[in-house]
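This is what each chain is made of:
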Amino acid sequence: MYEHDVVVVGAGLAGMRAALAAAQQGADTAIITKVHPVRSHSNAAQGGINAALTDRGDDWEDHAYATVKGSDYLGDQDAIEVMAQEAGAAVIELEHMGVIFSRDETGHLGTRRFGGQERARTFFVADITGQAMLHVLYEQVMKENVRVYEEWFVTSLIMVDGECRGVVAMDIMSGKIEAIRAKSVILCTGGVGRAYEPSTNGLIVTGDGMGLAYPAGAALMDMEMIQYHPTTLKGNGVLITEAARGEGAYLLNSEGDRFMKTYAPNMLELASRDVVSRSEATEIQEGRGVDGCVFLDLRHLGRELIETKLSYINEVALDYMNINLADEPIPIQPGMHYIMGGIKTDVWGATPIPGLYAAGECACVSVHGGNRLGANSLLDTVVFGRRSGEAAAARALERPFGRVSEHAAYLDETRIISLLDRKDNGDSVAKVRLAMGETLNEHLAVFREEQGMQTAAKAIQQLKERYRYMPVKAKGKVFNTALVFALELGFMLDCAETICASGLTRKESRGAHYRTDMPTRDDENWLKHVTCTWSPDGPVVDTIPVTFTRWEPVERTY
Amino acid sequence: MQVKLAVKRFDPEREQDQSYVQDYTLDVPDHYTVLDALIQTREEVDESLAVRCSCRASICGSCAMRVNGHAGLGCKTKLLDSMDKDGVVQVEPMGNQPVVKDLVVDMSVFWNKIRAVKPYLQPEGPEPEREYVASNDSMLKLLQTMGCIMCGACVSDCTVLEVNENFLGPAALAKAYRFVGDPRDGATNQRFGELDEPGGMWDCTRCFECVEACPKGVAPMDQIMNLREEAAAAGFTSTIGARHAEIFADTVKHSGWLDELQLAVKTPGMFNIGAQLHNMPVGIRAFLRGKLPPIVHKAIPSVRFVRRIFEKIEED
Ligand SMILES: Cc1cc2nc3c(=O)[nH]c(=O)nc-3n(C[C@H](O)[C@H](O)[C@H](O)COP(=O)(O)OP(=O)(O)OC[C@H]3O[C@@H](n4cnc5c(N)ncnc54)[C@H](O)[C@@H]3O)c2cc1C
Ligand code: SF4
Ligand code: SF4
Ligand code: FES
């Protein structure tokens with residue numbers, strides 16, 4: 001059996017930041033990741049990372065307030081204060097590690113504006129901020145010699161007496177299943193985008209951490225809060241960063257109108273994402289779209305700006321749409337992008353399960369509430385990644401290893417053998433996943449209502465049933481990706497079930513959860529998080545109050 | 001449209017015929033990339049087909065492979081641009097790296113070489129309290145090398161690596177230049193010293209393959225030339241010895257690229273090539289050190305090269 005003080009599952013920004021923090025505390029730390037660290041989906045983040053640098057006149061409270069307002073008052077204000085206060089140091093730290101943030105004329109860090117905020121406080125590296133940060137964190141992981149189990153897929157948590165004592169994982173290269181004992185486990189597995197079709201998320205973003213923590217007894221919170229990004233490409237769902245609008249791009253309908261002036265007269269294109277996505281969907285529904293899309297127009301920004309500050313999306317537009325952004329507006333539509341919900345944690349990443357922590361997109365602290373502001377997620381990953389790493393190391397350093405059975409991996413081994421033994425019945429992972437993705441994208445999207453969500457919940461139940469007999473046709477041990485997809489699908493179906501259950505529970509409209517049958521926000525009854533905990537009969541739903549520190553809910557206009 | 005993928009497969013668990021070519025005929029939309037077609041194959045026809053992929057948007061670096069003999073990203077390569085007149089596209093794993101299964105290769109050597117260049121910022125002196133002050137231009141300049149997504153395509157097609165596995169290779173050297181070029185890094189001379197060793201920056205024969213292969217415009221060869229130029233200026237020329245002429249002649253004989261390169265220099269609008277040519281006397285070095293067989297140098301079909309030149313001119 002392998003053994004480490006702290007095991008971090010996931011090597012995206014949250015995971016690597018957590019691992020570095022834990023290692024720096026002196027804990028023997030290892031990262032387990034199903035893809036090589038630099039393949040993690042944090043890579044895809046384009047636009048930037050928010051921070052109020054207070055020593056140059058910005059105000060962290062203003063950032064915190066923008067976040068609270070963006071969250072539609074569902075974010076926990078204590079957590080938001082922590083994030084906003086620690087943001088400046090986090091960005092400076094990244095700069096010191098080597099991130100080549102864009103500069104202003106004086107050679108200091110430059111900023112751009114992002115949605116939902118009056119001030120430009122988004123730090124960026126062209127439009128490859130995520131890649132730039134991810135590669136630099138991996139450089140630090142190499143420098144500190146943190147052990148990385150690359151292309152190992154975590155299949156379950158080792159739970160003994162209600163405590164998390166490690167993980168079971170499959171080495172994808174060999175197909176071997178191993179137990180890894182740990183004193184603390186930090187889940188940093190990212191979001192669950194592939195439960196939707198289409199999505200801006202990469203194929204590896206499959207809600208594994210949530211799916212691991214849920215049956216172990218952790219609560220999944222605010223799962224109904226799914227962000228649709230306003231500017232994604234039709235068909236493959238590829239993202240066009242909000243930075244385009246931050247740099248001044250317009251949204252136009254089929255009549256060439258900047259329609260955001262009707263919906264958000266002050267902030268226009270830079271209103272918060274839920275607002276912009278809803279506005280687009282309304283325009284399209286009312287017949288002012290083309291082919292299910294509206295247009296993003298960058299022409300007036302000029303070729304030079306596009307080629308220096310937005311070169312990646314220029315490349316993407318050319319590659320996938322054959323459009324040169326300097327010459328032509330590009331058709332875009334709202335597309336599934338991010339989950340605000342996740343594994344419920346405190347501000348140190350701790351779950352109520354001893355030994356189990358979570359950070360990054362798979363966690364719900366909650367700082368994003370009903371709607372995440374653009375460029376707050378990268379911040380979330382590094383701030384709470386570090387904090388969870390420190391907390392997990394502190395716990396690990398003060399205790400011996402707990403007892404773990406020699407047979408800890410046995411259950412997963414038999415589960416996998418039985419998966420591979422199933423008879424071909426014509427069904428497949430791809431079919432079940434697609435059905436799930438289309439169901440959620442139809443009924444738990446920008447607009448929702450009771451009937452649709454009921455339909456979705458039933459459909460997901462049926463898919464779970466199909467999943468029990470679904471065959472895996474590839475039988476090999478070495479790099480059997482079909483097997484990996486089958487396991488991922490299991491995690492996603494659990495997430496999908498809680499997304500439906502939470503959506504049906506919240507009887508109001510807030511943030512990304514907009515119900516056409518209950519279109520108003522109900523502060524009297526619903527300043528509450530919805531949580532789901534696992535039971536053999538399906539999710540047990542509960543609510544817990546939102547934490548307020550200083551900002552009373554007021555009507556949200558942009 | 002109909003497309004036929006001829007996929008080179010490898011299954012280590014088969015008793016015999018571990019390596020074989022399998023054809024898949026598919027109906028796909030016109031805009032599909034090679035990766036889209038492979039995913040469709042995997043989902044609808046053959047679940048056992050192994051290929052790494054995630055982002056589908058040329059940013060995660062998972063899906064490098066050879067299409068019609070040349071390395072690139074599957075998700076950036078359009079089927080329409082790759083089909084021959086019979087609608088066939090040849091798909092193989094990357095070269096210069098051991099195959100694990102089908103299109104999946106073992107990249108551990110790739111990463112060991114990245115590690116070998118000490119791929120992290122080594123600042124000089126104490127950290128400032130706030131950010132390092134640096135001009136935006138100096139940061140923008142690094143974007144090119146920073147743009148590397150570590151996909152391995154350049155390494156796949158590097159002609160020196162085919163015969164000299166000790167060569168650090170294009171990706172690692174480009175990574176090295178990312179730090180040499182960073183005004184915040186204080187270890188430049190140390191880095192030069194290490195890159196001056198056998199297997200380092202002088203072993204590149206400037207065959208241009210990595211520039212062709214790189215899907216992100218990193219142009220590793222250009223970065224290697226930058227390294228050489230700056231190293232030479234810093235006095236790291238002592239080990240460049242008498243072998244110049246010999247190697248120089250050898251390489252030219254093998255590939256004939258020199259003429260083409262000279263042609264390029266005369267072409268207006270080409271950046272860097274001129275500087276590289278200027279740099280050549282220090283540039284070419286004894287990469288074989290007597291031990292290794294002569295390099296098997298792929299000649300570059302001039303069409304491709306000329307096409308690149310035109311593309312560059314148009315870009316400028
Ligand atoms: C296209 C796009 C653009 C974005 N742009 C921005 C932006 O500009 N600003 C911003 O703030 N946010 C942005 N976001 C959001 C942000 O990028 C993500 O929320 C964030 O990067 C998530 O980081 P993470 O570390 O939590 O997870 P990830 O980076 O997704 O990493 C997850 C890790 O977990 C591992 N893993 C998962 N499951 C398992 C398992 N079973 N076993 C082992 N390992 C596993 C994976 O291998 C991976 O290493 C964007 C998101 C997308 C999709
Ligand atoms: S130019 Fe140099 S590094 Fe690039 S492929 Fe050729 S030999 Fe290799
Ligand atoms: S230099 Fe280009 S081809 Fe080589 S690894 Fe980097 S991105 Fe890939
Ligand atoms: S799938 Fe990410 S680079 Fe091709």
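Preceding block: the structure.
Notes on the structure follow.

What counts and what doesn't
Residues numbered from 1 in each chain as written. Chains lettered and ligands numbered in written order. Predicted model: local features only at pLDDT ≥ 70, side-chain atom pairs only at ≥ 80, totals over all residues. Heavy atoms only, no water. Near = heavy atom within 4 Å. Polar contact = N/O pair within 3.5 Å; in protein donor to acceptor, adjacent residues only side chain to side chain. Areas by Shrake-Rupley, 256 points an atom, 1.4 Å probe, with all protein chains shown as cover. Helix = DSSP H or I, 4+ residues; strand = E, 2+ residues; numbered from the N terminus. Contact = heavy atoms within 4.5 Å. Buried area = accessible area lost by both parts, 1.4 Å probe. Salt bridge = Lys/Arg side-chain N within 4 Å of Asp/Glu carboxyl O. Pairing = 2+ DSSP bridges. Axes fitted to C-alpha atoms, helices over the stretch in contact; angles between N-to-C directions. Buried < 20%, exposed > 50% of the residue type's maximum accessible area, 1.4 Å probe, protein only. Parallel < 35°, antiparallel > 145°, perpendicular 65-115°, else oblique. Left-handed = near helix turned anticlockwise from the far one by under 90°. Nonpolar A, V, L, I, M, F, W, Y, C, P; charged D, E, K, R; others polar.

1. Some remarks on the site of ligand 1
Residue and element names in this part refer to chain A. Neighbouring residues of ligand 1: 38 residues in total, closest Ser40, Ser42, Glu361, Ser377 and Leu378. Between ligand 1 and Gly47, the relevant distance is 2.8 Å, taken from an oxygen atom to a main-chain nitrogen or oxygen of the residue. For ligand 1, a nitrogen atom lies 2.9 Å from a polar atom in the backbone of Val154. If ligand 1 stood free it would expose 1,000 Å²; the protein chains cover 97% of that surface.

2. Points about the side chain of Asn50 of chain A
Residue and element names in this part refer to chain A. Position of Asn50 among the secondary structure elements: in strand E3 (residues 49-50). Side-chain polar atoms of Asn50 contact the side chain of Gln117, separated by 3.4 Å. Within polar-contact distance, the side chain of Asn50 engages the side chain of Asn376 at 3.0 Å. Setting aside chain neighbours within four positions, we find Asn50 in contact with His63, Ala87, Gln117, Arg121, Thr122, Gly374, Ala375, Asn376 and Leu379.

3. Describing the interface of chain B and chain A
In this assembly, 60 residues from chain B lie in contact with 64 residues from chain A. Overall, the association of chain B and chain A removes approximately 5,100 Å² of surface from exposure, summing both partners, and the carbon and sulfur fraction of that is 54%. Its largest share of buried area at the contact with chain A, chain B owes to Glu47, Arg56 and Glu131 of chain B, together 15% of the area lost on that side. Along the contact surface separating chain B from chain A lie eight salt bridges. Connecting chain B to chain A are 37 residue pairs in polar contact (both at pLDDT 80 or more). Mapped onto the side of chain B that touches chain A, the elements with two or more residues apiece are helix H1 (34-44), strand E6 (99-101), helix H3 (108-116), helix H4 (136-146) and helix H7 (170-180) of chain B. The biggest single contributor to the side of chain B that touches chain A is H4 of chain B, with five residues.

4. Description of the sheet that holds strand E5 (residues 88-92) of chain B
Residue and element names in this part refer to chain B. The five strands lie next to each other as E2-E1-E5-E3-E4, forming an open sheet whose pairing is mixed. Strand pairing shows two members of the sheet lacking a second neighbour, strand E2 (19-27) and strand E4 (70-73), which therefore form its edges. When the angles between neighbouring strand axes are averaged without regard to direction, this sheet yields 35 degrees. Pairing geometry for strand E1 (residues 2-10) and E2, over nine bridges, is antiparallel. Note that in E2 the partner of Gln2 across the bridge is Asp27. Lying on the sheet, H1 is in contact with E1, E2, strand E3 (64-67) and E5; it crosses E2 at an angle near 95 degrees.

5. Examining the side chain of Asp319 of chain A
Mapped onto the fold, Asp319 of chain A is located in helix H10 (residues 311-321). Asp319 of chain A sits in the buried class, given a relative accessible area of 17%. Residues within four places of Asp319 of chain A in sequence aside, it is in contact with Ser58, Lys76 and Lys78 of chain B.

6. Quick look at the pattern of salt bridges
Residues and elements named next belong to chain A. Under the defined criterion, the tally for this structure stands at 64 salt bridges over all chains. In this structure, the salt-bridge partner of Arg194 is Glu197, at a minimum N-O distance of 3.0 Å. Between Asp494 and Lys464 there is a salt bridge; the shortest N-O distance is 2.8 Å. Of the two residues, Asp494 is situated in helix H15 (residues 481-505) and Lys464 in helix H14 (residues 450-469); the sequence distance between them amounts to 30 residues. With relative accessibility at 14%, the residue Asp494 sits in the buried group. Overlapping salt bridges, with partners in common, bring together Asp72, Glu224, Asp274, Arg278, Arg506, Glu508, Arg510, Arg521, Asp523 and Arg556 in one network.

7. A look at the pairing of strand E7 (residues 152-160) of chain A
Put simply, side chains in a regular strand alternate between the two faces of the sheet. Residue and element names in this part refer to chain A. The buried count for E7 comes to eight of nine residues, which makes it a mostly enclosed element. As defined by bridge partners, E7 adjoins strand E8 (residues 163-171) across seven bridges and the pair is classed as antiparallel. Bridge pairing links Ser156 to Val168 in E8.

8. A word on the packing of H7 of chain B against helix H10 (residues 220-233) of chain B
Residues and elements named next belong to chain B. Closest axis-to-axis distance for the H7/H10 pair is 8 Å, and the angle between their directions is 50 degrees. Considered as vectors, H7 and H10 are oriented oblique to each other. As for the relative orientation of H7 and H10, their crossing is left-handed in sense. In this structure, H7 contributes Pro170, Leu173, Ala174, Ala176, Tyr177 and Val180 to the contact, and H10 contributes Pro220, Gln223, Ile224, Asn226, Leu227 and Glu230. Of the residues belonging to the contact of H7 with H10, the class tally is nine nonpolar, two polar and one charged.

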